[in-house]
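Inside the fold
Residues per chain, in single letters:
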Amino acid sequence: MEYQLETPLTDEDVRKLEIGDIVYLSGLIYTLRDRAHQRAIEYKAQGKALPIDLRGAVIYHCGPIVKEEKEKWYIVVAGPTTSARLNRIEPEFIEKFGVKGIIGKGGMDNGVLEAMVEYGCVYLAFPGGCAVLAASFIEKVEGVEWYDLGMAEAIWKLRVKNFGPLIVAMDTHGDSIYNNVAELTPSLDEIL
Amino acid sequence: MLSRVSAKGDDSLREETLKDAVKKLIFKAVVELPEDVKRAIKRAYESEDSELARIQLRVILDNIRLAERERKPICQDTGVMIFYVDVGAEFPLKDINLERILSDAVQESTREIPLRPNAVDPLTRSNPGTNVGPSIPYINWNVIPGVDYMLITAVPKGAGSENMSALVELPPVEGLRGVKAFVLESVIRAGGKPCPPTIIGVGVGGTAPVAMKLADIASLRKIGTRNSDPFIADLERELLEKVNSLGIGTMGLGGKITALALHIERAYTHTASLPVAVRFQCWASRRASLRISKDGVIEYL
């Protein structure tokens, strides 16, 4: 199935999705990598408010190349980064902040999958390295937070239009294409 | 594509001209994929049966074209810059401070292209924003006897593929089967993380750092070339076929093409050792070279 979705996402939006579905996404999304995840969790523990509202949000595992011209930010290119680096922190993140969608590449582990089932969140895969194409779906940079973390690790607020094709690779029903692929992988004894 | 820039000046190359040439080289490396890599991705698209893999390979091919047209970096991970400098023993290097020229070229390119400022201190993670720091850009020096030119290759090495590098010291009794098993295990463990379809470099023998260096060189070898030793060339074919029977596919979402190529380089080793190293290049396998004659004529290869 193919879906056009608009952020913020509802529980209903994501629970209907199944692995193999294709999504084209519009609305506001936030880039978050390792450092921003860590700081958000720290803020939560200290009872401090985040500079962005993550409820129903779609986060993008991405560290873009950004250019500043006449005090305005422009995305040069912005493809997905390896999501697996965030395996350890993401379940707590999904639980605490109510994130509904994660755009990334390479997939995440079963700890994250369990959180997705429980709290209603999907993993949307976009091919790694496709940074120019991904940037072509970004209409506007609506701002940046935590720029002190550096260009790659800051939170960029991006207005996107028909960002896709995003492949639903992990869903709220406990299915993961990565797990399916791993199950089908022949054992070394079979191939050697 | 071939272009020429003449270095003005008399006996020695002017450093400014060389720096500008290296900046052009860096730009070419991050914007355009080498022809052999593009051809291999097209072939993968044509031969792939998996629908999800085909959707993604189509996106990848569109992205490659768009990057060339818009003159923008193919991938936002413009890596840390690694240089390979093959310098002829007859080349007049003594008047050139190449380390400084390469560092300056990287720093200026970071601002001008721009490149993503990726280079950080490994312990404090502080980022100077320049892509320059101790041993970065890194230069792999190689002196070639009897040659009067210098060849500079720029490789922007992204972290997705870098982080999947693997090394083992096998007990020699594990033998050829152990070598094959380690390569396949490394590919399985890497899954979709190094942005497959990848180019896999395998280094066998030497000592640990030698094996890793050989794997690195193997991962940068042109697709379609084979090791000159027929036994190793056969092993390259066999292992590529086995890797592509794993079903990992484009970006780990399944498919029959997990690697575009698999190259092996070999060194003799200690009788009690069997080091094996595996290194990946993502599909966006970026590398660009230029050659400078001793008279200062620069040619982009």
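Details of the structure are given in the entry above.
Residues numbered from 1 in each chain as written. Chains lettered and ligands numbered in written order. Predicted model: local features only at pLDDT ≥ 70, side-chain atom pairs only at ≥ 80, totals over all residues. Heavy atoms only, no water.

On a plain count of helices and strands, chain A comes out with 7 helices and 9 strands. A globule of 192 residues ought to have a C-alpha radius of gyration of about 16 Å, and chain A, at 16 Å, matches this closely. If one aligns the C-alpha atoms of chain A with their principal axes, the spans along those axes are about 60 × 40 × 35 Å. Here chain A holds 192 residues, and 63% of them are scored as buried. Put simply, of all contacts in chain A between residues at least 6 apart along the chain, 65% involve residues at least 24 apart. Taking the average location of the 20 positive side-chain charges in chain A and that of its 29 negative ones, the two points are 9 Å from each other. (Helix = DSSP H or I, 4+ residues; strand = E, 2+ residues; numbered from the N terminus. Rg over C-alpha atoms; globule rule 2.2 N^0.38 Å. Buried < 20%, exposed > 50% of the residue type's maximum accessible area, 1.4 Å probe, protein only. Contact = heavy atoms within 4.5 Å. Lys, Arg positive; Asp, Glu negative; His and termini not counted. Charge placed at Lys NZ, Arg CZ, Asp CG, Glu CD.)

This part covers the layout of surface pockets. All names here are of chain B. Of the pockets and cavities examined, the second largest pocket occupies roughly 860 Å³. Lining the second largest pocket we find 27 residues, and of these T153, L220, R287, A288 and S289 sit closest to its centre. At the level of elements, α2 (35-47), β2 (80-88), β3 (138-144), β4 (150-157), α7 (208-220) and β9 (288-292) are the ones that each hand at least two residues to the lining of the second largest pocket. The greatest single-element share of the lining of the second largest pocket, amounting to 4 residues, is contributed by α2. Split by residue class, the lining of the second largest pocket holds 11 nonpolar, 4 polar and 12 charged. (1 Å grid on protein atoms, 1.4 Å probe; cavity = no way out; pocket = protein on both sides within 12 Å on 5 of 7 lines; lining within 4 Å. Points joined across faces, edges and corners; volume = space filled by probe spheres on them. Nonpolar A, V, L, I, M, F, W, Y, C, P; charged D, E, K, R; others polar.)

Per the counting criterion, the structure on display carries 0 disulfides over all chains. The closest cysteine sulfur to the non-disulfide-bonded A:C121 is located on A:C62, 17 Å from its own sulfur. (Disulfide = S-S within 2.5 Å.)

Turning to the packing of helix α2 (residues 34-46) of chain A against helix α3 (residues 90-97) of chain A, a few remarks are in order. Residues and elements named next belong to chain A. Their axes nearest at 11 Å, the elements α2 and α3 cross at an angle of 50°. Accordingly, the angle class assigned to the pair α2 and α3 is oblique. Classified by chirality, the crossing of α3 by α2 is left-handed. Within the contact between the two elements, α2 uses H37, A40, I41 and K44 and α3 uses E90, E92, F93, K96 and F97. (Axes fitted to C-alpha atoms, helices over the stretch in contact; angles between N-to-C directions. Parallel < 35°, antiparallel > 145°, perpendicular 65-115°, else oblique. Left-handed = near helix turned anticlockwise from the far one by under 90°.)

Below, the discussion takes up helix α3 (residues 51-70) of chain B. Over its 20 residues, α3(B) extends 28 Å from the first C-alpha to the last, a length consistent with the 28 Å expected when each residue adds 1.5 Å. Taken together, the buried positions of α3(B) are occupied by B:L52, B:A53, B:Q56, B:L57, B:V59, B:I60, B:L61, B:N63, B:I64, B:L66 and B:A67. As for α3(B), its buried residues are in contact with α5 (131-136), β9 (155-170) and α6 (177-184) of chain A together with α1 (15-31) and α2 of chain B. The residue sitting at the N-terminus of α3(B) and contributing the capping side-chain oxygen is B:S50; that oxygen lies 3.4 Å from the backbone nitrogen of B:L52. Looking at the residues trailing α3(B), positive phi occurs at B:R71, about 55°. (Expected span 1.5 Å × (residues − 1). Polar contact = N/O pair within 3.5 Å; in protein donor to acceptor, adjacent residues only side chain to side chain.)

The analysis is restricted to geometry; functional conclusions fall outside its scope.
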